[in-house]
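Spelled out from the first residue to the last, the chains are:
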Amino acid sequence: MEKRTLISSKKEELIGILDHFNIQVDNPVSVLTQEMSKHFLQSKNEGDKYKFFLKATQLEQMKEDYSSIMKTKEKTRIQIDQGVERLQELKQDYCENKERYKSIGFVSEMRNQLEDLKHKMAWAVVGEIEKEIEPIKEGIRAEEGNTAKFAQKLEECQEKLKEAEEKYKAIQDRLIAVSEEAQVLHPQYVSLKADVQTKRKAVNEAEVFYNRSKTELKRLGKDDEQLRKQIEELKISANRVSDPEKLERQRKISYLREQLKAFRDEEIMLGQQVDQFHQAIYKCKEEHARLRREDTDAKQALEAKQKQLRELKDSKTNTLKRFGQHIPAFLEAVETAYKERRFRHKPIGPIGAFIHPKDAELTLAVEACLKGLVQAFCCDNHSDERTLQSLMPKYYPRGFRPQIIVNKFQNTVYDVRHRGVYHPEFPSVLTALEIDNAVVANCLIDVRGIETVLLIKSSRKAREVMQSNHPPKNCREAFTAEGDQVFHRRYYSSDYVRPKFLSKDVEADIRHLEKEIERKKAEITEHRQCLCSIDKKIRQNEDHLHSHQQHQKQLQIKIRTTNAEIGDLENTEEHQSVDIRTLEEEVEENKGKMESVKEEMEQQSRKLEELKNILQATEKKFEDMKEKIHQVEEIAGPVKDELNQADSEVDSCKRYLQHCEDKQKEHLACLKKHKELLVAKEKALEEKIAQAKQICSERIEVNRTLKSLDAEMNRLRERINSESNCHGNREEIIQQFRDAKERYEDANSKVRNLKKFINLLEEIMAQRFRIYHQFLRLLSLRCKLYFDHFLRIRACSGKILFDHKNEALSITIHPREEDRAALNDMRALSGGERSFSTVCFVLSLWSITESPFRCLDEFDVYMDMVNRRIAMDMILKVADSQHHRQFILLTPQTMSTLPVSSHIRILRMQDPERGQRTLNFRKRNDRAEDQ
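Worth saying up front: this structure is predicted, and the values here are computed from it rather than measured.

Thresholds applied
- Residues numbered from 1 in each chain as written.
- Predicted model: local features only at pLDDT ≥ 70, side-chain atom pairs only at ≥ 80, totals over all residues.
- Heavy atoms only, no water.
- Core = buried A, V, L, I, M, F, W, Y, C linked by side-chain atoms within 4.5 Å.
- Buried < 20%, exposed > 50% of the residue type's maximum accessible area, 1.4 Å probe, protein only.
- Helix = DSSP H or I, 4+ residues; strand = E, 2+ residues; numbered from the N terminus.
- Contact = heavy atoms within 4.5 Å.
- Pairing = 2+ DSSP bridges.
- Polar contact = N/O pair within 3.5 Å; in protein donor to acceptor, adjacent residues only side chain to side chain.
- Patch = residues over 30% accessible without salt bridge, like charges linked within 9 Å, V, L, I, M, F, W, Y side chains within 5 Å.
- Areas by Shrake-Rupley, 256 points an atom, 1.4 Å probe, with all protein chains shown as cover.
- Salt bridge = Lys/Arg side-chain N within 4 Å of Asp/Glu carboxyl O.
- Lys, Arg positive; Asp, Glu negative; His and termini not counted.
- Charge placed at Lys NZ, Arg CZ, Asp CG, Glu CD.

(A) Here's a closer look at the nonpolar core. Among the nonpolar cores identified, the biggest contains 45 residues, and Phe330, Leu370, Leu388, Leu444 and Leu455 are the most heavily contacted of them. Secondary structure elements with two or more residues in this core: α7 (327-339), α8 (363-370), β3 (377-379), α9 (382-391), β4 (404-406), α10 (438-447) and β6 (453-455). Excluding residues within four positions of it along the chain, Phe330 makes contact with Phe377, Leu388, Leu391, Met392, Tyr395 and Tyr396. Of all hydrophobic cores here, the second largest spans 37 residues; its members include Phe52, Leu54, Leu856 and Ala879.

(B) Broad picture of the sheet that holds strand β9 (residues 491-492). In space, the four strands of this open sheet follow the order β6-β7-β8-β9, with mixed pairing throughout. Each edge of the open sheet is held by one strand with a lone partner, namely β6 and β9. Bridge analysis of β6 against strand β7 (residues 477-479) gives three bridges, and the strand direction is parallel. Bridge pairing in β7 links Leu454 to Ala478.

(C) Seen up close, the side chain of His548. You can see His548 is positioned in helix α12 (residues 506-569). Residue classification places His548 among the buried positions, given a relative accessible area of 15%. A polar atom in the side chain of His548 sits 2.7 Å from the side chain of Gln273.

(D) Highlighting a positive patch on the surface. Taken together, the side chains of Lys214, Lys218, Lys222 and Arg560 define a basic patch exposed on the protein surface. If you tally residues by element for the positive patch, the top one is helix α5 (residues 108-236), at three residues. Mapped onto the fold, Lys218 is located in helix α5.

(E) Spatial organisation of helix α3 (residues 46-56). For α3, the full list of buried residues reads Gly47, Lys49, Tyr50, Phe52, Phe53, Leu54 and Ala56. Looking one or two residues beyond α3, the residue adopting positive phi is Gln58, at roughly 65°.

(F) Just the pattern of salt bridges, in detail. Scanning all chains against the criterion turns up 17 salt bridges. Residue Arg419 is joined to Glu451 by a salt bridge in which the shortest nitrogen-to-oxygen separation is 3.6 Å. Here Arg419 is found in the loop between β4 and β5 (433-435), whereas its partner Glu451 is found in the loop between α10 and β6, with 32 residues between them in sequence. Both residues of the pair, Arg419 and Glu451, count as buried. Notably, a salt bridge pairs Arg448 with Glu477, separated by 2.9 Å at the nearest N-O pair. Taken together, the positions of Arg448 in the loop between α10 and β6 and Glu477 in strand β7 put the pair 29 residues apart, joining distant regions of the chain. Across this residue pair, the class does not change: Arg448 and Glu477 are buried. Through salt bridges that share partners, Glu516, Arg519, Lys520 and Glu523 make up one connected network.

This is how it looks when you write it as structure tokens:
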């Protein structure tokens, strides 16, 4: 243990030190407790208030010093009288010593013994240093033995780090391979999708042509049947009609055939129009189905945004509802379970409730970095984790339960200065956040490594920092203001558009969501209008199709009727042979047409089947490709999770390696320090040996301690002096005479000087007394002005009245400017007004007093938010104007609203343990041993 030296135990020296540094321990303005300020404001005695003012401004000390000086002056007068009497005694002593003369002998034996003891003392010092060197050498040997253990441990850490990095690289290669596979499959997917649509369109067109040929074949079959009937009828009825009738019949037949040709041409045109209407209806139905799917997706998105809007509006009254409507009830259940002692330590969460981005523009980047950790909970041990999991099913649906992080709770944040990233322009996630709880900060450091992630607003700048050059030291990744993730050789775009949990401007989020909801509603309305328009178009096309089909049927009836009429007219005998031959030719021609149509139908049927098979094969390939892409995406998700876990393992190994290296450095530094101490001790030993040899050339073995040798030497010196005093000598008598003369002259001079000092002191004290009263009036005036100025900040008024003659001080307060009724009794004010008045009075006293620090205890306990804000602004303004002083404010209120400044430091005390009943004090000796 380090040897301690007592410098002084005198109160006068402590008071001198305090006076030198102007540290006023008992000054109520330097350290103003709540009880003292309360007693001051509730006191009705104006004399007590005046004494408080004198004590705060140190005027009381000046007054006491004046009284002390006057007492000293009286004591000095008494000393002068005593000095005159002492002069007579010194004069008599001087005369006696003048006549004394004795001689003494030389005590050689005792002087020889004293010289021998000096020799022993010199070598005893050498022995003591040698004893001190031995433990140091043993400690160095032990430390050198531990050096190998540290080196072995460091090698193990390096090996683990290498394995973790290899595992990370392997998983990274897997993820790159999966990503490349997905990128390769995507163009094939797009190509197959377009191919399926093309093949489906070709199949539909082939079906239309096939159906058209089928209809044509039916028509030709009916024509063939009618022609054969006509031929039979013509063969039966021959030569029964006269020539004029034949001519009329032939003319009518020609007219009917022209009409029949026109009907057939119109039928072909109607068939084409019917095909067009079929295609138009098919396309409209496809568009209708697509819009129906988009409408369903838009409705689901609208419901989600409306739910999010409700949660945001609820979060205006309870910020925890931003993390879910069930969170407040769940936290109450956790609190109840904690009170029932089901938890060893109360779980902390959700994590997002304890973190606040300093820059609002980086909120989206922080959420993109933390992802699901914003909703996670922290537990101290696995037992608490299991208890928390048992509470979750009642409040969280299955599959949506937040992550639970198990990490030993600590009251201090990890020191990450050696492993954290530092950039002069851009912050890390750790430095960009205000974290209310050290446990939350440590969990995010362990799980996400937020001290190694940079936040860069510009994506271009992020690419320059991370990819153009080597990334900054200890930097693994970076996030942009849009939430994009940037690695050394990779860049991932963000799926986030706006922050959901950490945004400070809830009103702006609500307005944005309301606009999104309006846009979605407009989109749904547009979809419905489009659906109505398409429905109307489908109905119109179906109506047109139906009318054309009816018209087509009517034309077919007309064609059949016309063919029948032509057949009836041609059933005459005149030119029977010609007509029959013509009809037979038509039959043959019709038969040929039927054969060609059948062949065309067979070709189209084969083509249709071929196209259907191709379409089916293409659709199968398309479905296989979709399934393959889905499988790749399913593989990529766990691989990403494994990559993040491996990344965390690498970070953990690096941190542990850094810890081991630091320990090794400390060990080597300690070993070096011990060796340097050994060298210094050996050097001191050599010096002491050289000194001892100068005193006594041969080494003497000494068994006695330095203390006993020194005591014996002192005893011998006293005896030598005693013997010399008894015998006396001429030199001593002369010396005693000179001493007596000097004492007499010195005392005479002091008496004269004290008389002069008394006269000068009376003049000085009269002048100082006048200056004291002038200084008192000036301080009183300044205190009044400052008090009135500080009260007016809160639209109040008041004044301080000093009665220096009767030593009284009274305070008058007007709570509002319009309320001119003065309140002389401070107890008539409200608690906030009394506290605010106390702050104003203390600030007034601060402005007229000097002290290296100021301390206020619970100054804002009884204030409302307005008074607290004004009082805090006043104190901060005064503190900002006095950087050479230290201001200490003790308050149970939260200080999170204070501005960020390098001059402000907030220390938050840990909450007391609820189950603790005793304080763990240790004895002073134990504490000294620890130190």
